[in-house]
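Listed below, chain by chain, are the residues.
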Amino acid sequence: MKILVVGGAGYIGSHMVKLLAQQGCKVTVFDNLSFGHVDAVLHGALVVGDLADTQALDALFSTHDFDVVMHFASSILVGESVQNPAKYYRNNVANTQNLLDTMVKYDVKKFIFSSTAAIFGEPQYTPIDEVHPKLPINPYGRSKWMVEQILEDYDRAYALKSICLRYFNACGADPDGKLGERHDPETHLIPLVLQAAAGKRDNITVFGQDYGTPDGTCIRDYIHIVDLCQAHWLGIQHLSNYNQSKRYNLGNGDGFSVQQVIDVCKLVTGKDISVLCGERREGDPAILVADASLAVSELAWKPRYVKLEEIVSHAWQWELKGKDD
Ligand code: UFG
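Residues numbered from 1 in each chain as written. Predicted model: local features only at pLDDT ≥ 70, side-chain atom pairs only at ≥ 80, totals over all residues. Heavy atoms only, no water.

1. Things to note about the domain arrangement of the protein
For the protein, the domain assignment lists domain 1 (2-171 + 222-250) and domain 2 (189-221 + 253-321). With 26 residues of domain 1 in contact, the opposing surface of domain 2 contributes 28 residues. Here domain 1 and domain 2 share an interface that buries about 2400 Å² over both sides, 67% of which is from carbon and sulfur atoms. Linking domain 1 with domain 2 are 1 salt bridge. (Domains from an automatic or database assignment. Contact = heavy atoms within 4.5 Å. Buried area = accessible area lost by both parts, 1.4 Å probe. Salt bridge = Lys/Arg side-chain N within 4 Å of Asp/Glu carboxyl O.)

Have a look at this one:
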């Protein structure tokens, strides 16, 4: 199978490329390297380019014959999306449309899209299933929900079939230690706590300890990057077998509080981690946990690394390698 991985030099995309290569796929990565890393592309061919550049897309699609396109390239910072919505609608919506239009033009009709739990907004019940109302509360979530809606219309009009995967908290690292999370700036909890454990930052600030949860800190559903990628691979099989558009929530179905994450990080690293109490971060729901039973039943998805200790120990192994940039 010939697969185009847009954003394949980034955190999730690079792990996906590794899995696709293990499955015998021929992979082409298209990445503008604004956040991705050349040395994270362990397999396949890297084409450096931007989704804003429709000529580059034409050149790519006219010289390749892709069976499936996977799209991991987007702007992901919720706070930044509120300050600079133009960037989010341009990168996440308009540029995605460039990609979709090129697919239609070259008759490539299978698409795997990275969506997010942020499309649901403030949870109305927990765990969150696929039919939960979509009421995103920031431009980031809205941009992803817009693309999901565009995909519905493109299916109806152009028979472009898609699988949208709504990630909860993607985390962890390649168990072989070859890949991991390298965001700049880093905003995610686990890598930040591990940077504090490694002495790269002085402390970690807990954003709010007065939520209506057992220990007062926010609860999230942390899903190992390898399990996340496995769900994408199963999504490709599903598209190949049934040629049907679907949307799935991806998480472990188990929530861990910020305090529990810090405690597990202390345990795994054996380091003392200095913890500060901070204000709540705007837009953080108290609890975000996925009901991923649809992916389990329809895709036969079986998350493998469900223990937080395992997730953290893979992330710690990566942190100790010290690839910062
Ligand atoms: N947190 C802290 N201190 C920090 C960083 C995070 O206490 O320094 C807390 C957050 O407040 C949150 C939890 O740790 O309660 C997890 O925060 P992350 O930033 O790691 O992840 P989020 O849950 O905010 O974000 C994830 C995805 C986003 C997506 C969002 C959906 O990474 O892409 O879920 O709401 F938009």
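From this point, the discussion proceeds with the structure in view.
2. Some points on unusual backbone geometry
Each neighbour pair has its own omega, and for threonine 126 with proline 127 the value is -5 degrees, a cis peptide bond. Along the chain, proline 127 falls in the loop between strand 5 (110-116) and helix 5 (139-158). The omega torsion across aspartate 184 and proline 185 is 5 degrees, close enough to zero to call that bond cis. In this fold, proline 185 is placed in the loop between strand 7 (169-171) and helix 6 (189-197). With phi around 60 degrees, leucine 33 is a residue other than glycine that occupies positive phi space. Here leucine 33 is to be found in the loop between strand 2 (26-31) and strand 3 (45-48). For leucine 33, a relative accessible area of 25% corresponds to the partly exposed category. (Helix = DSSP H or I, 4+ residues; strand = E, 2+ residues; numbered from the N terminus. Buried < 20%, exposed > 50% of the residue type's maximum accessible area, 1.4 Å probe, protein only.)

3. Here's the deal with the pattern of salt bridges
Oppositely charged side chains can pair when the atoms bearing their charge come close. Considering all chains together, one arrives at 15 salt bridges under this definition. For lysine 105, the salt bridge identified is with aspartate 58, shortest N-O distance 3.0 Å. One end of the pair, lysine 105, is in helix 4 (residues 85-105); the other, aspartate 58, is in helix 2 (residues 54-63), and 47 residues separate them in sequence. Two residues, aspartate 210 and arginine 280, come together in a salt bridge whose shortest N-O distance is 2.9 Å. Residue aspartate 210 is located in the loop between strand 8 (204-207) and strand 9 (219-220), and its partner arginine 280 is located in the loop between strand 13 (275-278) and strand 14 (287-288); the two are separated by 70 residues in the primary sequence.

4. Quick word on the environment of tyrosine 140
Assignment of secondary structure puts tyrosine 140 in helix 5. Accessibility expressed as a relative area gives 9% for tyrosine 140, which makes it buried. Separated by 53 residues in sequence, tyrosine 140 and lysine 87 place their C-alpha atoms 9.7 Å apart. Residues in contact with tyrosine 140, not counting those within four places in the same chain, are Ser75, Ile76, Val78, Ser81, Tyr88, Asn92, Thr116 and Ala118.

5. Remarks on the side chain of histidine 71
On the secondary structure map, histidine 71 appears in strand 4 (residues 68-71). On the basis of relative accessibility, which here comes to 2%, the residue histidine 71 falls in the buried class. Apart from the residues within four sequence positions on either side, histidine 71 is in contact with Val6, Leu51, Thr96, Leu99, Phe111, Ile112, Phe113 and Ser114.

6. Examining the nonpolar core
In terms of nonpolar packing, the biggest core is built from 61 residues, with Ile12, Leu20, Met70, Ile190, Tyr222, Trp301 and Leu308 touching the most fellow members. The element best represented in this core is helix 7 (residues 225-242), accounting for 8 residues. Looking at which domains feed residues into this core, each of domain 1 (2-171 + 222-250) and domain 2 (189-221 + 253-321) supplies at least three. Beyond its immediate chain neighbours, meaning those up to four positions away, isoleucine 190 contacts Cys171, Tyr222, Val261, Leu308, Ile311, Val312 and Ala315. If you look at the next biggest cluster of nonpolar residues, it comprises 22 residues, including Phe61, Val108, Leu160 and Cys164. (Core = buried A, V, L, I, M, F, W, Y, C linked by side-chain atoms within 4.5 Å.)

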